[in-house]
Amino acid sequence: MRAEAPATVPLDAAELIRSAAALIFDVDGTLAETEELHRQAFNHAFTRHGLDWQWDRAVYKDLLRVTGGKERIRAHHERLRIAAPLSDEDIAALHRVKTAQYAELVATGCCPLRPGVTELLAAAKARGQRLAIATTTSHGNIDALLSRALGTRWAADFDAIVAGDDVRQKKPAPDVYLETLARLNLEASDCVAIEDSANGLIAASRAGIPVLITRSMFFSDDDFGDARFVLDDLSELGAAK
């Protein structure tokens, strides 16, 4: 059983948020509990391509240690050791079907933003803070989620949107955060990264950015010892709004 956080933690976390020049958000698991939809979309793609793979939640949780959807497909196939490696073309075709299915699932409205996210975005905008996204997922996936949740003009509120395909190495490498800092033209210490996973925490920390963790479905038991604060969700930041 996890020990209860001291009562002062949300207030201190709120002060960290309020004092930042920019808030940098991860997407999957942080802004919304999207990973279950990703899992379902992967399984749909496998069926469409005649593969007998079906990733249950335990398998998918393990595969989430591999960042990137195409990388996850390759890693799973390599672990099976039953056939020649899938070609880059095969993996890309699988991933296109998966991405289209994910967008269809998100469009149904079944995946709202997590508690406190909308309020924090509005409060940050009202304070004049800059907003950014640093994620491993694709631009298409980001747009599918946030167009539904925030409206089709959502991107106008973000000064930098950096996705996995924009950088050489994905999390836990710091590349996506370093690129975000460059686009914002800010020092790492001026920002706060909001993440949900150990890989995200490592990536932001390697870039020198303080991290606030919001626990998510698949990463709730990750080691977050290096985070400034660990919250169950962003609604605990009431004082930051």
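It should be emphasised that the depicted structure is a prediction, and the values quoted were computed from it without experimental measurement.

Here is what the cut-offs are and how they apply
- Residues numbered from 1 in each chain as written.
- Predicted model: local features only at pLDDT ≥ 70, side-chain atom pairs only at ≥ 80, totals over all residues.
- Heavy atoms only, no water.
- Helix = DSSP H or I, 4+ residues; strand = E, 2+ residues; numbered from the N terminus.
- Buried < 20%, exposed > 50% of the residue type's maximum accessible area, 1.4 Å probe, protein only.
- Contact = heavy atoms within 4.5 Å.
- Areas by Shrake-Rupley, 256 points an atom, 1.4 Å probe, with all protein chains shown as cover.
- Lys, Arg positive; Asp, Glu negative; His and termini not counted.
- Charge placed at Lys NZ, Arg CZ, Asp CG, Glu CD.
- pLDDT = per-residue confidence, 0-100.
- Salt bridge = Lys/Arg side-chain N within 4 Å of Asp/Glu carboxyl O.
- 1 Å grid on protein atoms, 1.4 Å probe; cavity = no way out; pocket = protein on both sides within 12 Å on 5 of 7 lines; lining within 4 Å.
- Points joined across faces, edges and corners; volume = space filled by probe spheres on them.
- Core = buried A, V, L, I, M, F, W, Y, C linked by side-chain atoms within 4.5 Å.
- Expected span 1.5 Å × (residues − 1).
- Phe/Tyr/Trp six-rings, centres within 6.5 Å; stacked < 30°, edge-to-face > 60°.
- Lys NZ or Arg CZ within 6 Å of the ring centre and 35° of its normal.

(A) Fine view of the overall build of the protein. Secondary structure summary: the protein contains nine helices and six strands in total. A buried classification covers 54% of the 241 residues belonging to the protein. Partitioning the contacts of the protein with sequence separation of at least 6, the portion at a separation of at least 24 is 65%. In the structure as shown, the protein presents an accessible area of about 11200 Å², 49% of it carried by carbon and sulfur atoms. Computed over 28 positive and 36 negative side-chain charges, the inter-centroid distance for the protein is 2 Å.

(B) Broad picture of the confidence of the model for the protein. With 95% of its residues at a pLDDT of 70 or more, the protein shows a mean pLDDT of 92. This stretch, residues 1–6, has a pLDDT under 50; its non-local contacts, to residues over four places away or in other chains, come to two contacts.

(C) Fine view of the pattern of salt bridges. Applying the stated rule across the entire model yields 14 salt bridges. Shared partners join several salt bridges into a network, and the residues in it are Asp26, Lys171 and Glu195.

(D) Region of the structure containing empty space enclosed by the protein. Applying the stated criterion across every chain, the model contains one cavity of 30 Å³ or more. Here the largest cavity defines a volume of roughly 350 Å³. For the largest cavity, the lining is made up of 29 residues, of which Asp28, Gly68, Arg72, Thr136 and Thr137 are closest to its centre. The set of elements that each furnish at least two residues to the lining of the largest cavity consists of helix H2 (35–48), helix H4 (69–80), helix H5 (88–107) and helix H9 (198–206). Examining the composition of the lining of the largest cavity, we find that four residues originate from one element, H4, more than from any other.

(E) Local environment of the nonpolar core. Counting 38 residues, the largest nonpolar core has Leu23, Phe25, Leu212 and Leu237 as its most contacted members. Ranked by residue count, the leading element in this core is helix H1 (residues 9–19), at five residues. Residue contacts for leucine 237: discarding those within four places in its chain leaves Pro10, Ala13, Ala14, Ile17, Leu120, Leu212 and Leu231.

(F) The arrangement of H2 in detail. For H2, which comprises 14 residues, the first-to-last C-alpha distance of 20 Å matches the rise-based estimate of 20 Å (1.5 Å per residue) to within 8%. For H2, the buried fraction is high: 10 of the 14 residues fall into the buried class. By the burial criterion, the buried members of H2 are Glu35, Glu36, Leu37, His38, Arg39, Ala41, Phe42, Asn43, Ala45 and Phe46. For H2, the elements touching its buried residues are helix H3 (57–63), H4, H5 and helix H7 (139–150). Positioned one or two residues after H2, glycine 50 has a phi angle of 75°, which is positive.

(G) Inspection of the packing of aromatic side chains at higher detail. All chains considered together, the criterion is met by eight aromatic pairs. For the ring pair phenylalanine 42 and tyrosine 60, a centre distance of 6.1 Å and an interplane angle of 50° mean the geometry is tilted. One end of the pair, phenylalanine 42, is in helix H2; the other, tyrosine 60, is in helix H3, with 18 residues separating them in the sequence. Phenylalanine 42 gets classed as buried once you look at its relative accessible area, which sits at 1%. Between tyrosine 60 and phenylalanine 218, the aromatic rings sit 5.6 Å apart at their centres with planes inclined by 85°, giving edge-to-face as the arrangement. Taken together, the residues span a long stretch of sequence, with tyrosine 60 in helix H3 and phenylalanine 218 in the loop between strand S5 (211–214) and strand S6 (229–231) at a distance of 158 residues. In this pair, the class of tyrosine 60 matches that of phenylalanine 218, namely buried. Within the aromatic cluster, the residues linked to one another by ring pairs are Phe42, Phe46, Trp53, Trp55, Tyr60 and Phe218. A cation over a ring is seen here: lysine 98 above phenylalanine 42, with NZ or CZ 4.8 Å from the ring centre.

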